[in-house]
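# Chain and residue survey
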Amino acid sequence: MLRLDSLSVDIAARDGRDVRVVDGISFELGESETLGVVGESGSGKTMLALAIIGLLPAIARPSGRILLDEENLLAASEPRMCEVRGARIGMIFQEPMTALNPAQRVGVQIAEGLILHRGLGRAAAREESIRLLDRVRIADARRRIDAFPHELSGGQRQRVGIAIALALDPRLLIADEPTTALDVTVQKEILDILDELVTDMKMSLIFISHDIGVIARIADRMLVMWNGRSMEQGGTADVLRAPQSSYTQSLLAAMPRRSRGGLAAGIETRAPQ
Amino acid sequence: MTSAPLLEVRHVTRDYALSGAGPFARKTFRAVDDVSFTLEPGSVLGIVGESGSGKSTLARIVMALDAPTSGEVLFEGDALQTLAPAALRRRRRDFQMVFQDPYGSLDPRQSIGRIVAEPLHLAGTLSRRDRAARVAEALESVGLKASDSARYPHEFSGGQRQRIAIARALITEPKLLVADEAVSALDLSIQSQILKLLMALKDRHGLTILFISHNLGVIEEIADRVGVMHAGRLIELGPAAEVLHRPQQKYTRELLDAEPTLDIIGRKQRRR
Amino acid sequence: MSEAPMAAVSPRHAPRFAQWRLATGATITTGVIAVALLSLVWMPQNPIRIRILQKLQPPLTDGLFGTDHLGRDVLSMVMAGSFNSLSISLLSVLLGMSVGTALGILCAARRGAIDTVIMRVCDAIFALPPLISAIMIAALLGGGVLTAVIAIATFMVPVFARIGRSTAQQIWARDYVLAARMAGRGRFAISFAHVLPNIASQIIVQAAIQLALAMLTEAGLSFLGLGVAPPNPSWGRMLADSQTYLGTAPYLALVPGLAIAITVLGLNLLGDGLRDYLDPRQRL
């Protein structure tokens, strides 16, 4: 469904030189599959997400190919990308407030995409919005739909963010650190919701996080990034139980014992050569 | 070696007045609710809580940056709330704090030397040379170079800034260090480095540490005793092994279950 | 933990436009300052010298900009006027900035009753239209340079008090101020060592923007005869004097009018450009 072919992103720095923030990333993602992207800050994982959805800043230049159902997104025109965004690829962010308009009721924000892209009438869009809020397990959806973002808790806001991303029934959902700012108990629920959605809606999910524990919980396959490069990829269980790359090993060694659970560790933490 | 506790928190409660509440709504918000505990010298107490649990408010009250609505905080027997300002200032030498955000805790307009030297105001007047020597010593003890004192915060990474913050906190050789989510904003590999640094410094200086975090894994690495905060109350307190492996309270169990570990790999729907 | 926040869609043209704006503003302002300073040492003619026989000579026939109804050289008057206008504006902004910022910082540090009282007084001053209040004050205190400065500075104070207070409050919420409190430093020490350096750039930007307003007000005051006392030239008064001759010698109005317009434009561009340049979010 999604295939990345040697994707690289170069940023033009102020002094004229280029900085390569994503370096030759390739992977394939099938329907109803989750890919977890793990990396520390500066690893390029957010740039990767922005490249796929076509929201890179003006100073960033991508190269390589991003094939969504055999269509190369990097070669697509901006109007075509506008069609793709929302309808075929949805995105949720770490801070849900970046996606939510504080001055609009949440129901209106969910309905916006439905009305614009799917041509639904106001009443039909409202019903659909309520259904979506139910899907993301917001209690009392019929009342909550008229709430403003600041009236909701962090976890509820993130769920609204997911509802907005789901409204157009995208094939691919990209989640960039969606649970990092949330409490651990709320995080658990959000992960459960995403897990269900992937299975029930036959959606694919790219889940970006620095938290290996979360990736272990949600991802079928994982990609470990460092400095823009792919250090290791494969099935989650394979990578975590038998890591090939020394960087992955050092990440695992750096985890607190409790989070590492029963996995073997004992390798010194060091940066890759 | 005295057997008296270093820090005693007795029935501390902190209420905040809610502005703009309607005539029938609650007028106050209770951020900390009747919290009591003691801290023995040389030990590490980990306080675990989610957002809104009151743990940061508690930290500020312990640091005498905020006054409790009722209750008291005794540091080496002195009730911090009733001390005269000058006496409190003298006491501040003995307890310091490291904050969560390495990017907000250092003044971007000041050099590292000046930042780290700031608490020395509490140590009485020192000559320029003495001050510089203490700064150099502090920087080196956290793994940085004495020459770094001329540089500015933006030249350093998150992990290095946190080291600078630790150097600043320890320059007056305090007895108590409060770490409020001190490693939460750092990358994993840096996190473990900073934790090791804290443990080493604790051993070297005989520090007592109050470590606040939402991350149970981190708490387990570092704490002798663990307290769990929820909605302002300290619902559980005991040795780390007890609280983290044989919790008494339902909420503690929920917390422990919710934190993802590598014991469970893969989506529920497709677990192997 | 995520990478440094970047605009998902960055304004493609914004950086270049901002640079152009800042450069133009800086150039114009520097030019005007240069002319003003030059006027202290050299002018083509003595600007207050009356030569009735050469009155109302069009530009380029007698001097670059001609002569006015009393035969005074317009170019020299413009140059001298630039110095007078700029210095009054600068002095009043400096005065307003110092007093206003100090009050704002005090409000943020003390809060409570002092904060409320000072802010309400500022609101009262704000409620009056600046030009009118400046005129009232100048009229009450009599004309002249000093009263013009005081009049203009008076309505600058609330502006700087407000912005000083809001920026200072943001700094007070920072962790490094908390660290300073833990280091036992008092409110005054913190305001001086931490708050002031961190709000300085925003205050300076505001000063550049207010300078434009001050110039305009000064021109208004001297137009009404309340500013610089005659025979010292000032652009505002040149405009006033030119009214009678608008039909026959329009250049007498055009030259000072353009001088005011260009200078104010330059100051506005400089202020806006500085603000965008110093805004961390614009830096990619």
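Each value, and the rule that gives it
Residues numbered from 1 in each chain as written. Chains lettered and ligands numbered in written order. Predicted model: local features only at pLDDT ≥ 70, side-chain atom pairs only at ≥ 80, totals over all residues. Helix = DSSP H or I, 4+ residues; strand = E, 2+ residues; numbered from the N terminus. Contact = placed C-beta atoms within 7 Å. Pairing = 2+ DSSP bridges. Buried ≥ 20, exposed ≤ 12 C-beta atoms within 10 Å, placed from the backbone. Nonpolar A, V, L, I, M, F, W, Y, C, P; charged D, E, K, R; others polar. Expected span 1.5 Å × (residues − 1). Axes fitted to C-alpha atoms, helices over the stretch in contact; angles between N-to-C directions. Parallel < 35°, antiparallel > 145°, perpendicular 65-115°, else oblique. Left-handed = near helix turned anticlockwise from the far one by under 90°.

### Observations concerning the overall build of chain C
- When helices and strands are tallied, chain C shows 9 helices and 0 strands.
- For chain C, the N- to C-terminal ordering of α and β elements is α-α-α-α-α-α-α-α-α.
- Structurally, chain C occupies a C-alpha span of about 75 × 50 × 30 Å along its principal axes.
- The long-range share in chain C, meaning contacts at least 24 apart out of those at least 6 apart in sequence, stands at 71%.

### Some points on the sheet that holds strand β1 (residues 7–17) of chain B
Residue and element names in this part refer to chain B.
- An order of β2-β1-β4-β5 is seen for the 4 strands of this open sheet, with the pairing classed as antiparallel. Either end of the sheet is taken by a strand with one partner, and the two such strands are β2 (28–39) and β5 (78–79).
- Relative to strand β4 (residues 70–75), β1 runs antiparallel, the two being bridged by 5 bridges. The residue of β4 that forms the bridge with Thr13 is Ser70.

### What to know about unusual backbone geometry
- Residues other than glycine seldom take positive phi values, yet Ala64 of chain B does so here, at roughly 55°.
- Mapped onto the elements of the fold, Ala64 of chain B is located in the loop between α1 (55–62) and β4.
- Look at Leu56 of chain C: it is not a glycine, yet its phi comes out positive at around 55°.
- Exposure remark for Leu56 of chain C: the 16 C-beta atoms within 10 Å place this residue in the partly exposed category.

### Some details on the interface of chain C and chain B
- In this complex, chain C contributes 15 residues to the contact, which on the side of chain B involves 19 residues.
- Mapped by element, the contributors of at least two residues to the side of chain C that touches chain B are α6 (175–182) and α7 (187–223) of chain C.
- Residues of the side of chain C that touches chain B, tallied by class, amount to 8 nonpolar, 3 polar and 4 charged.

### Let's talk about the interface of chain B and chain A
- Taken together, the contacts link 29 residues of chain B with 34 residues of chain A.
- Mapped by element, the contributors of at least two residues to the side of chain B that touches chain A are α6 (188–205), α7 (216–222) and α9 (250–258) of chain B.
- By residue number, the principal contributor to the side of chain B that touches chain A is α7 of chain B, which donates 5 residues.

### Observations regarding the pairing of strand β3 (residues 34–38) of chain A
Residues and elements named next belong to chain A.
- Most of β3 is tucked away: 5 of the 5 residues are buried.
- Covered by surrounding structure in β3 are Thr34, Gly36 and Val38 together with Leu35 and Val37, the residues of both alternating faces.
- Relative to strand β8 (residues 204–209), β3 runs parallel, the two being bridged by 5 bridges. Paired with Val37 across the bridge in β8 is Ile208.
- Summarising the sheet, β3 and strand β9 (residues 221–226) pair through 4 bridges and their orientation is parallel. Note on β9: the bridge partner recorded for Gly36 is Met222.

### Details of helix α3 (residues 112–127) of chain C
- End to end, α3 of chain C covers 23 Å across 16 residues, agreeing with the expected 22 Å (1.5 Å per residue, within 8%).
- With 1 of 16 residues buried, α3 of chain C lies mostly on the surface of the structure.

### A short note on the packing of helix α3 (residues 106–118) of chain A against helix α6 (residues 154–166) of chain A
Residue and element names in this part refer to chain A.
- As a packed pair, α3 and α6 sit with axes 8 Å apart at the nearest point and diverge in direction by 20°. Considering their axes alone, α3 and α6 lie roughly parallel with respect to each other. In terms of crossing hand, the pair formed by α3 and α6 is right-handed. Only Val160, Ala163 and Ile164 of α6 make contact with α3, whose side of the interface consists of Val106, Gln109, Ile110 and Gly113.
- The residue inventory of the contact of α3 with α6, partitioned by class, reads 5 nonpolar, 2 polar and no charged.

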